[in-house]
Amino acid sequence: MTIHKKGQAHWEGNIKQGKGTVSTESGALTQQPYGFNTRFEGKAGTNPEELIGAAHAACFSMALSLMLGEAGYVPESIDTEADVALDKVDGGFAITSVALKSSVRLPGIEKAEFDKIIQQAKAGCPVSKLLDTEITLDYQLEN
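As the structure is a prediction and not an experimental result, all values here were calculated from the model.

## Describing the overall build of the protein chain
Right, so step 1: When you go through the protein chain residue by residue, the secondary structure sums to four helices and six strands.
Right, so step 2: Along the protein chain, helices and strands appear, N-terminal first, in the series β-β-β-α-α-β-β-α-α-β.
Right, so step 3: C-alpha extents for the protein chain along the principal axes are approximately 55 × 35 × 30 Å.
Right, so step 4: In the protein chain, of all internal contacts separated by at least 6 residues, the share reaching a separation of at least 24 is 51%.
Right, so step 5: Accessible surface, the protein chain as shown: approximately 9300 Å² in total, 51% of it carbon and sulfur.

Rendered as structure tokens:
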């Protein structure tokens, strides 16, 4: 079974003065503006790294929920942040790391079992598998 999801981008102009919009098939984003200034100068608007971070945080949280469920647990909450680092390397730019930080509320699980499952979720998340970069994970378990 293959599932397809679409994103769309439109761009006009050169890299510094140009501008673009990004949209998603679901309509969650509709012509959201982005540009050099939103990516490199901290101006309001989105950028590819922010979108990758949101996708990775969502994917990881769902993977963790799935794997906890397979072990017989239902988390009360999973809150995850993904900090995507974009650095200049070898005359260009690259995503050099993603730092996942997750806080999980799950009564009744032993820490050792949780540690094993959360590491499996990090490795098994489809977005983690896609990214060719260092992925770190810092987490807090609230019982």
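After that view of the structure, there is still more to cover.
## Observations regarding the packing of aromatic side chains
Right, so step 1: A full pass over the atoms with the stated rule returns four aromatic pairs.
Right, so step 2: Their ring planes at 45 degrees and their centres at 4.8 Å tell us that Phe 36 and Phe 40 sit as a pair that is tilted. Linking Phe 36 with Phe 40, this pair stays in helix H1 (residues 36-40), spanning four residues, or about one helical turn.
Right, so step 3: Using a relative accessible area of 16% as the deciding quantity, one classes Phe 36 as buried.
Right, so step 4: Residue class for Phe 40 comes out partly exposed when judged on its relative accessible area of 35%.

## Remarks on the nonpolar core
Right, so step 1: Phe 60, Leu 64 and Leu 68 are the most contacted members of the largest nonpolar core, which totals 25 residues.
Right, so step 2: Contributions of two or more residues to this core are made by helix H2 (48-70), strand S4 (77-89), strand S5 (92-105), helix H3 (111-124) and strand S6 (134-142).
Right, so step 3: Counting residues per element, this core draws most heavily on H2, at seven residues.
Right, so step 4: If near-sequence neighbours (up to four positions away) are discounted, Leu 64 is found in contact with Ile 78, Val 104, Ile 117, Ile 118 and Ala 121.

## Digging into the sheet that holds strand S3 (residues 32-34)
Right, so step 1: Taken in spatial order, the three strands line up as S1-S2-S3 in an open sheet, and their pairing is antiparallel. On the outer flanks of this sheet lie strand S1 (7-12) and S3, each paired with one strand and no other. For this sheet, the mean inter-axis angle between neighbouring strands, taken without regard to orientation, is 25 degrees.

## Considering the sheet that holds S6
Right, so step 1: Strand order in the open sheet formed by three strands is S4-S5-S6, and the pairing between neighbours is mixed. Each of the sheet's edge strands pairs with one partner strand only, and the pair in question is S4 and S6. Taking each pair of neighbouring strands and ignoring which way they run, the sheet shows an average axis angle of 15 degrees.
Right, so step 2: Relative to S5, S4 runs antiparallel, the two sharing 13 bridges. Opposite Asp 83, over in S5, you have Ala 99 as the bridge partner.
Right, so step 3: Contacts from H2 reach S4, S5 and S6, with the element oriented near 145 degrees to S4.

## Observations regarding the packing of H2 against H3
Right, so step 1: Closest axis-to-axis distance for the H2/H3 pair is 9 Å, and the angle between their directions is 135 degrees. In terms of orientation, H2 and H3 fall into the oblique class. Pair H2 / H3 crosses with right-handed handedness. Within the contact between the two elements, H2 uses Phe 60, Ala 63, Leu 64, Met 67 and Leu 68 and H3 uses Phe 114, Ile 117, Ile 118, Gln 120, Ala 121, Lys 122 and Gly 124.
Right, so step 2: Of the residues contributing to the contact of H2 with H3, the split by class is nine nonpolar, two polar and one charged.

Definitions and cut-offs
Residues numbered from 1 in each chain as written. Predicted model: local features only at pLDDT ≥ 70, side-chain atom pairs only at ≥ 80, totals over all residues. Heavy atoms only, no water. Helix = DSSP H or I, 4+ residues; strand = E, 2+ residues; numbered from the N terminus. Contact = heavy atoms within 4.5 Å. Areas by Shrake-Rupley, 256 points an atom, 1.4 Å probe, with all protein chains shown as cover. Phe/Tyr/Trp six-rings, centres within 6.5 Å; stacked < 30°, edge-to-face > 60°. Buried < 20%, exposed > 50% of the residue type's maximum accessible area, 1.4 Å probe, protein only. Core = buried A, V, L, I, M, F, W, Y, C linked by side-chain atoms within 4.5 Å. Pairing = 2+ DSSP bridges. Axes fitted to C-alpha atoms, helices over the stretch in contact; angles between N-to-C directions. Parallel < 35°, antiparallel > 145°, perpendicular 65-115°, else oblique. Left-handed = near helix turned anticlockwise from the far one by under 90°. Nonpolar A, V, L, I, M, F, W, Y, C, P; charged D, E, K, R; others polar.

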